[in-house]
Amino acid sequence: MDSKYSSVGREKEQKSSDFKVKRLKLTFDNNSKINKELEENTCSNGIIEDSSKLNYNFQNDALENLQEARKTLPVYQVRTRLLEEIRKHSTMILIGETGSGKTTQIPQIIHEYRLEGKGCIAVTQPRRVAAITLALRVAAETNTHIELETVGEHFPICKGVRQGDPLSPKIFSAGFEEIFRNMDCQNYGIKINGTFLNHLRFADNLVLVADNHETLQKMLQELSESSKQMGLTMNKTKQKLSPMVLLTQYH
Ligand SMILES: Nc1ncnc2c1ncn2[C@@H]1O[C@H](COP(=O)(O)OP(=O)(O)OP(=O)(O)O)[C@@H](O)[C@H]1O
């Protein structure tokens, strides 16, 4: 049966962007009931701050109950198809209703079936409490012991991706969508079929197009300011100027 839990990719009606998005549908049998006891134990992220209480709850949950409950989750039920799609695509957006198992199940499924229990998966959460809750939940489901009291080794938060990473041009393009939205340049550029073309993006290169030097200068100024707000600076040594076109690269 099709379900609203089950779409992978962006919804059709969403604004198209520079990269192609394929919409896929996953199906699952949602007749099974989610374990009631587990439902009662569910903590909304951010509400329960006492991790020792969470530990206590999880320890009291029989492992079999947890395992049974996870098997009823929509994400678990579409795992085979999900793994197939993960194998085929370098980037995927999964849309699923809250509680369908995106956060707790996908890392486990990938670890178990794709990595065959080897390797590491890093999962980020926007809040500390959410990260702790998630770690505890996954630990309980996998019968793993974790020590929340221990502060791990500090690691620097860096920016940038590896050379040649397929995510790089997509992140660049997504970032620049925002930068150009913040710029007031809709009426700049050259008119093609009634639409102004004022820039092109390719990997980490950007081409600005204008119909005169003054406009090009103005666009460059605005671009520089808008980029700075996103923490990006242009690499001036790699800029090239031809009559009405400026090719620039970012650090
Ligand atoms: N800390 C927890 N305590 C008890 N049950 C939990 C806990 N975390 C998850 N669950 C159970 O596992 C199910 C899947 O949760 P999960 O967080 O993976 O869903 P999700 O699809 O990522 O939801 P969301 O979109 O809200 O992040 C929940 O419906 C709930 O039944």
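Calculation rules
- For every chain, the first residue of the written sequence is number 1, and numbering continues from 1 along that sequence.
- Confidence filtering applies because this is a predicted model: local features only for residues at pLDDT of at least 70, side-chain atom pairs given and counted only at 80 or more, and all residues used for totals across whole chains, interfaces and linings.
- To obtain the side-chain values, all non-hydrogen atoms of the structure were included, while hydrogens and water were left out.
- Going along the chain from the N terminus, every DSSP run of H or I of four or more residues is numbered as a helix, and every run of E of two or more is numbered as a strand.
- Only protein chains enter the accessibility calculation, which uses a 1.4 Å probe. A residue is then buried if its area is under 20% of the maximum for its type, exposed if over 50%, and partly exposed in between.
- A contact between two residues is defined here by any heavy atoms of the two lying within 4.5 Å.
- Accessible surface is estimated by sampling points in the Shrake-Rupley manner with a 1.4 Å probe; for residues, cover comes only from the protein chains shown.
- Residues belong to a common nonpolar core when they are buried Ala, Val, Leu, Ile, Met, Phe, Trp, Tyr or Cys residues joined through side-chain atoms within 4.5 Å.
- Each pair of strands is called paired provided DSSP finds at least two bridges between the two strands.
- Expected span, for any helix, means 1.5 Å times one less than how many residues it has.
- Angles run from 0 to 180 degrees between N-to-C directions of axes, and those axes are lines fitted to C-alpha atoms, restricted for helices to the stretch in contact.
- Each angle receives one of four descriptions, namely roughly parallel if under 35 degrees, roughly antiparallel if over 145, roughly perpendicular if within 65 to 115, and oblique otherwise.
- When residue character is reported, Ala, Val, Leu, Ile, Met, Phe, Trp, Tyr, Cys and Pro are called nonpolar, Asp, Glu, Lys and Arg charged, and the others, Gly included, polar.
- Each polar contact in these results corresponds to two N or O atoms within 3.5 Å; when the atoms are within protein, one needs to be able to donate a hydrogen and the other to accept it, and residues that are neighboring in sequence are counted only if both atoms are side-chain atoms.
- A residue's pLDDT is simply how confident the predictor is in it, with values from 0 to 100.

### Describing the overall build of the protein chain
Turning to step 1, where the next piece is worked out: The number of helices and strands found in the protein chain is 9 helices and 9 strands.
Turning to step 2, where the next piece is worked out: Taking all 251 residues of the protein chain together, the buried fraction comes to 30%.
Turning to step 3, where the next piece is worked out: Taking all contacts inside the protein chain whose residues are at least 6 apart in sequence as the whole, residues at least 24 apart take part in 60%.
Turning to step 4, where the next piece is worked out: Here the protein chain has roughly 17,200 Å² of accessible surface; of this, 53% comes from carbon and sulfur atoms.

### Concerning the nonpolar core
Turning to step 1, where the next piece is worked out: Core analysis: the largest hydrophobic core is formed by 15 residues, its most contacted members being F176, F180, M183, L208 and L223.
Turning to step 2, where the next piece is worked out: Every element with two or more residues in this core is listed here: α8 (167-181), β7 (205-209) and α9 (213-229).

### Considering the pairing of β7
Turning to step 1, where the next piece is worked out: Burial of β7 is extensive: 5 of the 5 residues sit out of reach of the surface.
Turning to step 2, where the next piece is worked out: Of the two faces of β7, both are covered, the one formed by N205, V207 and V209 as well as the one formed by L206 and L208.
Turning to step 3, where the next piece is worked out: Two elements, strand β6 (residues 199-202) and β7, share 4 bridges in a ladder whose sense is antiparallel. Bridge pairing links L200 to V207 in β7.
Turning to step 4, where the next piece is worked out: Counting the residues that bridge the hairpin from β6 to β7 gives 2 residues, and of these A203 lies at a positive phi of roughly 50 degrees.

### What to know about helix α7 (residues 128-141)
Along an α-helix, residues three or four positions apart point the same way, because every turn accommodates 3.6 residues.
Turning to step 1, where the next piece is worked out: Compared with an ideal rise of 1.5 Å per residue, which puts 14 residues at 20 Å, α7 spans 20 Å between its outermost C-alpha atoms and is within 8% of the ideal.
Turning to step 2, where the next piece is worked out: Taken from the residues just after α7, N143 is the one with a positive phi, measuring 55 degrees.

### Digging into the packing of helix α3 (residues 63-71) against α7
Turning to step 1, where the next piece is worked out: Contact geometry of α3 with α7 gives a least axis separation of 9 Å together with a crossing angle of 105 degrees. For the element pair α3 / α7, the angle class is roughly perpendicular. For the pair formed by α3 and α7, the contact residues are L63, L66, Q67 and R70 on the first element and R137, A140 and E141 on the second.
Turning to step 2, where the next piece is worked out: For the contact of α3 with α7, the class distribution of residues is 3 nonpolar, 1 polar and 3 charged.

### Description of the side chain of Q108
Turning to step 1, where the next piece is worked out: The residue Q108 is located in helix α6 (residues 102-114) in this model.
Turning to step 2, where the next piece is worked out: A distance of 2.7 Å separates a polar atom in the side chain of Q108 from a polar atom in the side chain of E141.
Turning to step 3, where the next piece is worked out: Excluding residues that lie within four positions of it along the chain, Q108 makes contacts with R70, V138, E141 and T142.

### Some remarks on unusual backbone geometry
Turning to step 1, where the next piece is worked out: Positive phi, normally seen in glycine, also occurs at E116, with a value near 50 degrees.
Turning to step 2, where the next piece is worked out: In this structure, E116 sits in the loop between α6 and α7.
Turning to step 3, where the next piece is worked out: Backbone geometry places N143, a non-glycine residue, at a positive phi of 55 degrees.
Turning to step 4, where the next piece is worked out: Its location among the elements puts N143 in the loop between α7 and α8.
Turning to step 5, where the next piece is worked out: N143 gets classed as exposed once you look at its relative accessible area, which sits at 58%.

### Structural notes on the confidence of the model for the protein chain
Turning to step 1, where the next piece is worked out: Per-residue confidence for the protein chain gives a mean pLDDT of 74; residues scoring 70 or more make up 70%.
Turning to step 2, where the next piece is worked out: Contacts of residues 28-56 to residues separated by more than four positions or lying in other chains number 42 contacts, the stretch itself having pLDDT below 50.
Turning to step 3, where the next piece is worked out: Here the predicted complex carries an ipTM of 0.93, next to a pTM of 0.50.

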